[in-house]
Structure formats: C-alpha cells, structure tokens
Amino acid sequence: MVSALSNIHEYLWLILAFPLAGVVLNGIIALVAERPLLLPADGHGHDDHGGHGDAHGGHHETPAYRKLVAFIAPGMIFAAFVVAVLSVLQLTRMPAEARTVVQTLFPWIQAGGLSVSVALQLDPLSSVMILVVTGVGFLIHVYSVGYMSHEPAFARFFFYLNLFMFSMLTLVLGSSYLLMFVGWEGVGLCSYLLIGFWYEKDSASTAGKKAFVVNRVGDFGFLLAMFLVFWNFGTLNYTDVMAKIPSLQHSGILTTGLATAITLLMFVGATGKSAQIPLYVWLPDAMEGPTPVSALIHAATMVTAGVYMVARSNALFMLAPFTMGTVAVIGAATAIFAASMGICQKDIKRVLAYSTVSQLGYMFLACGVGAFGAGIFHLMTHAFFKALLFLGSGSVIHAMSGEQDMMKMGSLRKHTPITFWTMFIGTLAIAGIPGLAGFFSKDEILWRAFSSDHGSPFLWAVAAVAAGTTAFYMFRLIFLTFFGASRMDKEVEKHVHESPFSMTIPLMVLAALSICGGWLGIPAALGGSNYFEKWLEPIFEGGHKAAEAATEAIGHGAMAHHDPMEFILMGASVAVALFGIAIAYYLYMVRPEKPAKIAEGNPNLYRLVYNKYFVDELYEWLIIRRIVDWSIWLWQMFDVQFIDAIVNGVAKTVRSAGDETRKIQTGVVGNYAFSILLGAVFIVGYLIWR
Amino acid sequence: MMGPSAYLILSGILFAIGAIGVVARKNALIILMSVELMLNGVNVAFVAVGSYMGDPTGGIFAFMVMTVAAAEAAVGLSILIAIYRLKETIDITELSVLKW
Amino acid sequence: MIAIPFDSSQVMQGIASIAPEAILVCTAITVLMADLFLAEDGKWLLCWLSLAGVLAALGEVYLLGSSRIVGFSGMITSDGFGMFFSTVVLSACALVLLMATGWSERAGTQKGEFYSLILMSTTGMLIMAKGTDLMTIFLGLETLSIPIYVLVGFQRSRMTAIEGALKYFLLGAFGAAFMLYGMALIYAATGTTKIPVLVYMSVGGGMAGSSLFLAGMGLLLVGFAFKVSLFPFHMWTPDAYEGAPTLVTAFMSAAVKAAAFAALVRVAMLLFPGVSPAIGPVLWVLAVLTMTVGNISALGQNNVKRILAYSSIAHAGYIMVGLVAGDLLGSQAALFYLLVYAFMNIGAFGVLMLISQKEDDGYDIHNLRGIGFKYPVLGALLTLFLVSLAGIPPTGGFIGKFYLFSAAVKNGYIWLAILGVLNSAASIYYYLRIVVYMYFMTPEGEVVTPHTPPFGYALALCACAAVVLVLGMIPGAVLTMAEQSVLSLLM
C-alpha cells in the first residue's frame, strides 16, 4: 500500500479510467435494461415525467438495475476523486518548482513533424481543476440519484453524466491543446445531449441545438488558435509551448501581433464555452436540462473551461496587452449586463443562469487584469456556491412538483428548512458577505481590477456595481421563494416536502464548502497567507516573466503591498452588497406583501389601503420600477432581440442562401453542361490571360 | 511541311461546335452526337500533332479515343432506350425530376 | 528484315505491374460466365465470388508492396502511391460487396452483370491511380466511368435512377471530352504524354510561358474537377447520387472519388508546381467555392441521400485544401482524408440503406424520427459516422480535417484555413439535423422498422465504425503510410 501510494502519480490515468468504466457499464445497462422504456411507440409513459423527476408517481419497487446504476455512477466518480486527492497530496509534498507531472499513456499522432501523445499533466492548475470537477461532480452525482429517481431513462442519464465527467477530466488533465480540444468537444456533445435530455419538450431540443451551434463558433476560434500555435511553436504540449516562448521571442517569430492573434482566437473559443458576450445566449436556454445537469455542467465545471484555457495559456496572454484589455472589458461588461438581466427573471433557474454568466464575467475580468490566480480561485469558490444554489433550486423545484416560477412560490422556508438554510448560505457567499468563500475570491478580483497594471478604477467600479446587483437579485430570489406569503397552488402546497437525504446531504456539504472554501485564499491584507495564490504561482510566474521580457521596463510584478486602499475598497464592496440586499428586502419583504394580503381579505379595503400607499408607489415608480424596467428592457432588447436576432438571423440568412444556391440546380442537363462550360472558359481564360 | 497550328484551330472549332451543341440542344440524342463531335475535335488534334512530330503516340491516342467513344455510345444509347420506354421522350427539359 | 526485339523480362514486369487489375478482370469474366450456369437460388454465390476476387487483388497489391515496378514502357507504375490508393479503392469495393451479400435480392441487384460491372469499374480505378501516362489516366477514367453509368441506372424501371444515369452519362462524356482536349493540348505543346517527361520539361517553370500548355493544364483540371465534383462542375453529383441504388451511391462516393483524386494528386504534385503561380489561385478559389456551395446547399435538404451528396461535394472542397497547400503534408493529409472518408461515407450510406424502406421517398429525413432510441445500435453507428463527417473528435474525420487545415496554415493559407473551419462549423448543422431527427423528434405514428442486416452487412458496418474510430485514436500508422506513398510519388 505504501509503495503504491508513494508513486500515486503513476496511477493518474485512473482518474480518467473510473468515469470511463462508468460510461461503459451504464451504457450496457441502458442498452440492455432500459431499451423497452425508451420506446414511445410501445406506449410506455413519457407523459409521467413531464420533467423534474416528478415526486408523486407511484411507489414501485425499484428495479435492481437502477440500484446498480445508482451505485456505479457516483461510485466511479468517488473513486476518481480519491485518486485525485491522493495525487494532489503527493504533489504538495514535492518542491514547488517540480510540481509538474506528465504521464504519457500512448503516442497518438506522430507524423509530419507533429508529435502528440495522449498524456496527462498534473500541476497546481490542473490539480485544482480535477479536485473541483471530481469533488463537486461526485456530490452532484449523489444528488442526481435522488433527483432523477422517477426518471424512466435512469441509466441513460448517468451514462451521459459519466461521459461528461470523462470528457471534462480529459479537458483539464490533458497535457496538450489537442487533448484539451478533444475534451472540449466531448463536453460540448454531452452538454448538448443532456440539455435535450427531455427531448419531448420542444424547447429542450431547440435549446440543445442552440447550445451546440453557438459553441461551434467558439470552437472555430480555438481550432484556428491551435493551428497557429502548432505552426509557430512546432508543438501543442503546454510544457513545450511555454518553454519555447523566450527563444521564439528572441528569434522574432513570436511577435506581439502573433501573440494577439493566437490569444484573441483562443478567447473567441472561451466566450463560446464560458458564455461571455456575445456568445452567452445559449446558457440561459440550457436550463431546459435537468437541474443536476445545470449545476454540474452549466455552473460548476464545463462553462469554466474557457477560464481554464485562458489561465493555462497565461504566458501567451501576458504577451498580448490588447487581448488582455479585451478579456477584461468583455468580462466586466458580461458581469454587469448579465447581472442586470437577472433582476427581472421569474424562473428560478434562469436567475441562476444569468448569475452564472455574470460570475464567469468576473473570472475573465480577473484573467484580463493579469490576476489569473484570482480567476481560478473564484472559479473554485463559484463551483461550490453555484452548484449549491442550483442543487438547492432543484430541491425547491422538486418540492414544488416541478414549478419553476418564483411568483408561485413563497414561504417555503417552513416546509424545506435544510434547503432554505443551505441556499441562504450560498446566497450570502455569492453576495460577498465577509467570511464566506465568495467574499475572498470576489474581493481579490475587485482589488486586482483596481490595482493591477492592467486594471483601472473604472473596471473596479463596474465590477462593484455588478456585485451590488448580484446581492440584490439573489436576495430577491431568496425572499420570493422562502419568505412572505405562500403564492402556491393549493394542489401543489399539499405536497410540498423536504427532499430526501441523497439530495440534502450534498447540499450540506456544499454549504460547508461555500463557507470554508475561501479560507484557502485569505489575502495578506487580512492577515492570511493566501495559500491558494502561492500554490498556483509556479504556473503563472512564467507568464509574468515573459511579459517582463517583452516590455523590459516594468519591475518585479507587484506582490500585495499593504495598501490602505485595499481596505477601503473592501469596505466599499461590502457596503454595495449590503445596499443591494437592503433594496431587495424593502421591495420584496416590506412592500409587496401587504397589498396582496389585504386584497385577499377585503377587496374594497384594498383600494383604500392602496391609496394610502400612494407615496410609496410614486417613489417606487420613480426609482425602483425604473431599474426593474430597465432590466427587463435590457433583457428584451439586448438578449432576446439583439443577440438572439443576430444568431437566428445569421442562421436564417445562411439557410435561405442555401435554398437560393440549390435553385441553380435546375434539374436540366443543358444547364449543368452550361455551368461546366462556363467554369472551363473561366479557368482557361484566367490561365492564359492572367 | 505545314505546321500543326491550322489543324489545331480546326480541332478547336470542332470542339467548340460540339460543346455549344451540348449546351444548347434539348434532344438527348443530339447532345450525345455533339459529344462525339467534341471527341473528333480531340482526335484531329492528336493525329495532327503526332504526324507533325513523327510520334506514334498521337495516332495511338486517337485510336483509344475512338474505342472509348464507341463503348460510350453503346452505353449511352441503351440508357436513352431505357428512358424512352419509361417516359416516351428524350427531351432533357422534361427529364428533371431530380433537382435542387 | 530486322527482328523485333522481344524482352521477356519486360513483359513479365509489365504483367506484374498490373497483376491486381488482371485478377479483377478475370474475376469479372468468371462472374459473368458463372451467372449463365447458376440457378436463381444459387446467385448469392456471385457476390462472394466477386468478394474473393477483390480480396485476392488486395492481397496481390500487398505482395507487390511499395517497390517501384514500371510496366509497359512507363504507361503504368506500381509504387507506394498506387498501393495506398489501391488499398482505399479495393477496401471500398470489398465493403460494398460485403453489404451486397444478402442485400442484393432486396435491391434487385442479384445479377452477374452487377458484380462484374463493379469489378470492371474497380479495375479502371486502379489503372487511374497507377497511370503515369496521360493515356493510361484517360483509359482508367473511362474504364471506371462507363460501368458506373450503367450501375447508376441499374434499376431501370425507376424513373429517378434512369434519369440520374442519363445526366451522369451525358455530363460525364462532356467532362471527359474537356479532359481529353486538355491532354491533346499538352501533347501539342510538349510532344509527349508521359508524366515523368512532362515533369522534366515543366520543372522550374520551363513551360509556364506556353499558353497551349497552360490551357491544356486548365482543361485537364476541369476534367478532374468534374470527376471529384468541384464547383461549378459538381451539378451532376446530387442527381446521380440520389438516383442511383444506394449501394452504388456508396461505392461512387467513396471509390470513384478516391480514384479521381489519386490521379489529380499525382498531376497536382508533379505538374502543377511548374505552373504554380498561374494555377495556385484557381485551386484556391475552387476549394473555397466548392466547400461553401456544398455546405450551403445541404442545409435545407430533406432527402438524406441528397444531404450526403452535397456533403460529398463539400468534402471534395476540404480535400482540395490539401492540394492548395501543395506540399508533402498537404497531400499526405488529402490521402489520409480520402481513406477515412471512404469508410465513414460507406458506413453512413449503409445505415441509411437499412432504415429506408424503399428508394426515393424512403430517404426522407422524417423517416428517421425515433430511430435513435428504438434501435440504439443503428442510431449510434449513424451518429458515429455523421460525427466523423462533421469532423468532431475522437474520430478519423477530425484527424483528417485537422491535418488538412493545419497544412494550409503551415503554407501561409490562413484565410483558406479560416474559411475551411467556418465551413466545417456550418456543416455541423445539417449532420446534426439528422441526429436530431433520430433522437429528439417524436415520430408521427409508427417508427420505421429497419431491415435486419445480414451477417456480411453487419460485418461491413462494424468494420467501417472500427476504422473510423481507430483512425481517430491511433492514426499514426496510416499517416506514415500516406507520407511514404506521397514520397514514393516524388522520387
């Protein structure tokens, strides 16, 4: 045992092998045991799962194969998690400079000057990613066992989910861009399959298609960036690319222009996968998938792949100031736009979707100002609290028998106490309340946006406003869902119940992580040691060095000075968050409840009371309503009309162009011959008289 | 001895007439004949150049072309017959079920 | 009286250089003869007999190996390049024959002439891939084309089949005439039709000033462009593909394309460098227009066979990207892609053939509704082939496209690569549409019941799937083989 543990890195491949085994086993089970269930023609009820694992189906005896699946799928992920933890523990025992382990599995492509192996790379950056992916992934698998317990296609669901885990781990563990791309495509495919999981819903299958198509635009950028890297560096392995940067800079091959081209193309890929302006449109629609999928793929893991890619290529990004600026601006813009669109959503999951887009914006903002470590830190804490919030919302939806409209909830606190408390912790974390995970990571980003060489007070201001908005809409969600009077249907209210343990235990674990997860990176200004930043330092110092070599003027990168400004800004961001919470409290706790209650009891009295509130109405009409209206307008104009119109418009234009192009195919041979003749005349004419 | 350029021009004219025939005619049989005309244009070029250079390749090539043209004509005519049996026309404008 | 010198070793060498072709022709004649003597219920033997002949020819190809054998005073050369394409063409032929076992009764192709036509056509393809003289290339082209014209119209009582055959025939003859005229002009300009001599004369731009030669090259290119269906010479493709029996469509799309590209790559690698400033932009434009028109036209199609026909046009455009790049890597990528393409396309057509109930209407995309979950193996296979056609890892199609586009970037054709990748992204839409119909559309009424594939058919589909996957994960050996074969061409 000791000898096996002493070189656990030789077993790195197990992290991929366990989910793969899950894929195979669940695939076989799905094929053998579930096939008859999947046949609409055979009359098996597709009607009884109008989504969301309806809790009130009959209580049949669980078939044995479902128990097996419920054991295999999370079990495999747990095994992968254990291997990941052991590997990372061993990594911590190594000296900081030597913390890069590459394990070559087999040679993949070796021809024409290209040599790519299927190899895994464990270093501080990928170690954070695999811990998050396997850890949060395991919790979500456990949760899914409960959540999907009434789903006929149980094994198929876990087949997809394990396939996703396998692809995602390939993405983060691969040692080259090519392998990252393989994982990148793989997670895209799984995301597509899982969004469209309830394909009988029309919206689900169109949402799946939209996600896939938008992602292709991003992939196009990534692919081109990869070609450029390959032909200028002669390799696609991370370690080789990073090692070659100085020599290529000296020989003049790697100019700022080239670095800008490569990194901009990469960023196009990142905007697609990580839902940034202008390619974010698919993420809110992706909420059509089952809620655990939203938590796993569209919050905690896959959508952060873009951030991972940018951080992974930090040395290249540091060489391209223009790209850095673009990344920062797009990140900040996405953070504020998405946050303001979150204000007016009524669907509980859509609020969280826009919130995810907004938080991803923060991560890109961090990368754009050169604080890659802070970006990855926020990636981690966000994975904790956003997975928690999504799973909590799933628990709410479960309790509400599938209802997602927050306007039809309220007062759930009493019925689902665990869900309420865990979600409340998650909300405090995302709002940036001091002491919780989100505070440390968000504050780090805000501070760096202000103080870094690439940052500016303007970026800080935008991000701070976005933070206040976040606090506002998250507390709106909490108040509308858990507080106030019940607005539930009577029928639904009878069935409201707390979720089973398989669902609440992951919630509690994630809540604990949302509290403690940030303590790894307490900044020096608050007396912490920022262990997280130091852990990642070996990955990011290369980038700083390269940038210094390029500019040659800037002194050593600014380590945190004890700037009093840091405390002032910290206080300001907390104040903004509290202000947001206060507005939400006023609007959704103090105000709207009273007229509703009174109106219920006495319609005539309601009018009078209503007039009494006239001053408040005016105030609300003047200020608060404007803000909400603006949010709705923004959402309508920008998201639904503008971006969607562009996406749909392009698709429509191309398609109608296709219909026109096809029309030249008249079916008459003479016309075909004419086209050949014309082509021949053009070619020969060009060749002779060019 | 006269250079091959005059023959080449002749071959070009034959080829062009054939090509225009293919494009402009509607009767499949005449289109087939126009293609044969194009091939004859090719043959003229081959034979003329071959004999000018005293090289047998040109002549041999022309024979090959003729052989192939014969085989092609046989297949082509049988296709036309099959079409005529089904549709009682060989007007190409009426044979356009497959399109777009 | 001068005795004509007779060098028996030369004759033997000549026979050796065409041994695989000879085996195929013998098999074709045997099949034709056997057809006369076999009773109706013994006809199944014909297919296996043909298959045995093809496998014997494949074995012979590997016995000859990649060593260089020049036959018939330089008319034909058996070398590594020929070996590669012989492998592609013969495997495609073998797969199609394997599918035909137990399927032909249903498609009405259980006839001696069907198999012997396929074998004859395959012979033509081998000759075309190995021809080192313009005359051999022409003869190979016609030997492969004439049987295909008949095969397209084989089900001659079906209007679409015979119409497709007529269109393909008329335009094929028209296109061949252009190619021939090109050959005549090249002959007029240089006095030879032997490719090695032409290379010697044109190397370093020696013939770039002769407009006769340039016009000849242009017309030669037109002829090839017709056969591999480049824009604007592509219009026959959808009609012929749709009309033909699907078995033949699969054969055409894989084998004919490979053979035509074989000759085109040979000409492009050897003759185009001498006139590259003139012909380079033409190839560039052809590549871009071909993939764009192919992809755009496929977007709104509802007939799956036609979608794949337009997709085959687009793929010709992708492969042209490798030829535009014009170096070793580009050609190597093109060769690799042709191999992968043969397998994924035959596989896709194979699955569709099982699902469709009849020709024509049977290929409407709506028939695919609900297939995916009801028949998971068929669904998964078709998805695999479509994913590979779309160029998504971990399939052979991805590796192929990766190589093609990276060859373009390496040679400085950044825009070509951008347009190629964009096109490839657009193409996902229509491949995906098929998958969406299979999995995400609830059927109206009954789900179509696919035929149960006979043993040989299932074997062929599995082989296609295995090759597509293996080439995606460990493409090294085949890439090296492609590299060697291009190198043997340049020697």
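Conventions we followed
- Residues numbered from 1 in each chain as written.
- Chains lettered and ligands numbered in written order.
- Predicted model: local features only at pLDDT ≥ 70, side-chain atom pairs only at ≥ 80, totals over all residues.
- Helix = DSSP H or I, 4+ residues; strand = E, 2+ residues; numbered from the N terminus.
- Rg over C-alpha atoms; globule rule 2.2 N^0.38 Å.
- Buried ≥ 20, exposed ≤ 12 C-beta atoms within 10 Å, placed from the backbone.
- Contact = placed C-beta atoms within 7 Å.
- Nonpolar A, V, L, I, M, F, W, Y, C, P; charged D, E, K, R; others polar.
- pLDDT = per-residue confidence, 0-100.
- Axes fitted to C-alpha atoms, helices over the stretch in contact; angles between N-to-C directions.
- Parallel < 35°, antiparallel > 145°, perpendicular 65-115°, else oblique.
- Left-handed = near helix turned anticlockwise from the far one by under 90°.
- Expected span 1.5 Å × (residues − 1).
- Core = buried A, V, L, I, M, F, W, Y, C linked by C-beta atoms within 7 Å.

Quick notes on the overall build of chain C
A tally of helices and strands in chain C yields 21 helices and two strands. The C-alpha atoms of chain C give a radius of gyration of 22 Å, which matches the 23 Å a tight globule of 491 residues would have. Each principal axis of the C-alpha distribution contributes one length, and for chain C these read about 80 × 60 × 40 Å. Burial statistics for chain C: of 491 residues in total, 69% are counted as buried.

Observations regarding the overall build of chain A
On a plain count of helices and strands, chain A comes out with 28 helices and two strands. In chain A, which comprises 690 residues, the proportion classed as buried is 55%. Taking contacts inside chain A between residues at least 6 apart in sequence as the whole, the part at least 24 apart equals 82%.

Re the interface of chain B and chain A
The interface of chain B with chain A comprises 10 residues on the first partner and 11 residues on the second. Here the residues of the side of chain B that touches chain A sort into six nonpolar, two polar and two charged.

Some details on the environment of Ile433(A)
Residues and elements named next belong to chain A. As for its position among the elements, Ile433 is in the loop between helix H18 (417-431) and helix H19 (437-451). Counting along the chain gives 144 residues from Ile433 to Gly289, while the straight-line C-alpha distance between them is 31 Å. Not counting the four nearest positions on each side in its chain, Ile433 is found in contact with Leu428, Phe439 and Ala577.

Comments concerning the confidence of the model for chain C
All names here are of chain C. On average, residues of chain C carry a pLDDT of 88, and 100% of them reach 70 or more. Predicted confidence in chain C is weakest over helix H5 (residues 104-107), with a mean pLDDT of 75, and strongest over helix H7 (residues 134-152), with 93. Interface confidence for the predicted complex, expressed as ipTM, amounts to 0.95; the pTM equals 0.84.

A few points about the confidence of the model for chain A
The predicted coordinates should not be examined in detail at positions where pLDDT is low. Residues and elements named next belong to chain A. Here chain A averages 79 in pLDDT, while 81% of its residues score no lower than 70. When pLDDT is averaged over each helix and strand of chain A, the minimum, 46, is found for helix H26 (residues 603-612) and the maximum, 91, for helix H12 (residues 305-312). Segment residues 1-5: pLDDT under 50, and one contact once partners within four positions in sequence are set aside and those in other chains are kept. In the predicted structure, residues 39-59 sits below a pLDDT of 50 and forms 42 contacts with residues beyond four places in sequence or in another chain.

With respect to the packing of H18(A) against helix H20 (residues 457-482) of chain A
Between two packed helices, what matters for the description is the angle formed by their axes and the separation of those axes. All names here are of chain A. Where H18 contacts H20, the two axes come as close as 9 Å, and the packing angle between them is 165 degrees. Considering their axes alone, H18 and H20 lie roughly antiparallel with respect to each other. The way H18 lies across H20 gives a crossing that is left-handed. Where H18 abuts H20, its residues Phe420, Met423, Phe424, Thr427, Ile430 and Ala431 lie against Thr470, Ala471, Met474, Phe475, Ile478 and Phe482. Per-class residue counts for the contact of H18 with H20 are 10 nonpolar, two polar and no charged.

Section: H19(A)
Because each turn of an α-helix spans 3.6 residues, side chains separated by three or four positions end up pointing in the same direction. The terminal C-alpha atoms of H19(A), which comprises 15 residues, lie 22 Å apart, in line with the 21 Å expected from a rise of 1.5 Å per residue. The buried count for H19(A) comes to 15 of 15 residues, which makes it a mostly enclosed element.

Details of the packing of helix H11 (residues 236-243) of chain C against helix H14 (residues 304-325) of chain C
All names here are of chain C. Axis separation between H11 and H14 bottoms out at 9 Å; the angle between their running directions is 140 degrees. By the angle between their directions, the pair H11 and H14 is classed as oblique. The handedness of the crossing between H11 and H14 is right-handed. Facing H11, whose interface residues are Thr237, Pro238, Tyr241 and Glu242, H14 presents Lys305, Arg306, Ala309, Tyr310, Ser312 and Ile313. Here the contact of H11 with H14 is built from residues that sort into five nonpolar, two polar and three charged.

Observations regarding unusual backbone geometry
Look at the link from Phe231(C) to Pro232(C): it is a cis peptide, with omega at -5 degrees. Of note, Pro232(C) is situated in the loop between helix H10 (211-227) and H11. Following Pro393(C), the chain continues to Pro394(C) via a peptide bond in cis, the omega torsion being 0 degrees. Positive phi values are uncommon outside glycine, yet Glu88(B) reaches one of about 60 degrees. Structurally, Glu88(B) can be placed in the segment after helix H3 (56-87). Looking at Glu88(B), the number of C-beta atoms within 10 Å reads 8, which means it is exposed. Here the phi dihedral of Ser73(C) falls at roughly 40 degrees; this positive angle occurs in a residue that is not glycine. Inspection of the secondary structure puts Ser73(C) in the loop between strand S1 (69-71) and strand S2 (76-78). Looking at Ser73(C), the number of C-beta atoms within 10 Å reads 10, which means it is exposed.

As for helix H24 (residues 564-590) of chain A
Residue and element names in this part refer to chain A. In a regular helix each residue adds 1.5 Å, so 27 residues correspond to 39 Å; H24 covers 37 Å between its end C-alpha atoms and thus fits that length. For H24, the full list of buried residues reads Glu566, Leu569, Ser573, Val576, Ala577, Gly580, Ile581, Ala584 and Tyr588. On its buried face, H24 sits against H18, H19 and H20.

A look at the environment of Tyr341(C)
All names here are of chain C. Looking at the element boundaries, Tyr341 is found in helix H15 (residues 328-355). Judged by the 28 C-beta atoms lying within 10 Å of it, Tyr341 is buried. With near-sequence residues (within four places) excluded, Tyr341 lies in contact with Ala254 and His315.

Examining the nonpolar core
In this structure, Leu365(A), Ala387(A), Ala463(A), Val89(C), Ala92(C), Ala258(C) and Ala259(C) are the most contacted members of the largest nonpolar core, which totals 494 residues. The biggest single contributor to this core is helix H8 (residues 159-190) of chain C, with 23 residues. Apart from residues lying up to four places away in sequence, Ala92(C) is in contact with Phe251(C), Ala254(C), Ala255(C), Ala258(C), Ala342(C) and Ile346(C).

Brief notes about the environment of Thr304(A)
Considering the arrangement of structural elements, one finds Thr304(A) in the loop between helix H11 (291-300) and H12. Thr304(A) sits 232 residues away from Leu536(A) along the chain, and the two C-alpha atoms are 17 Å apart.

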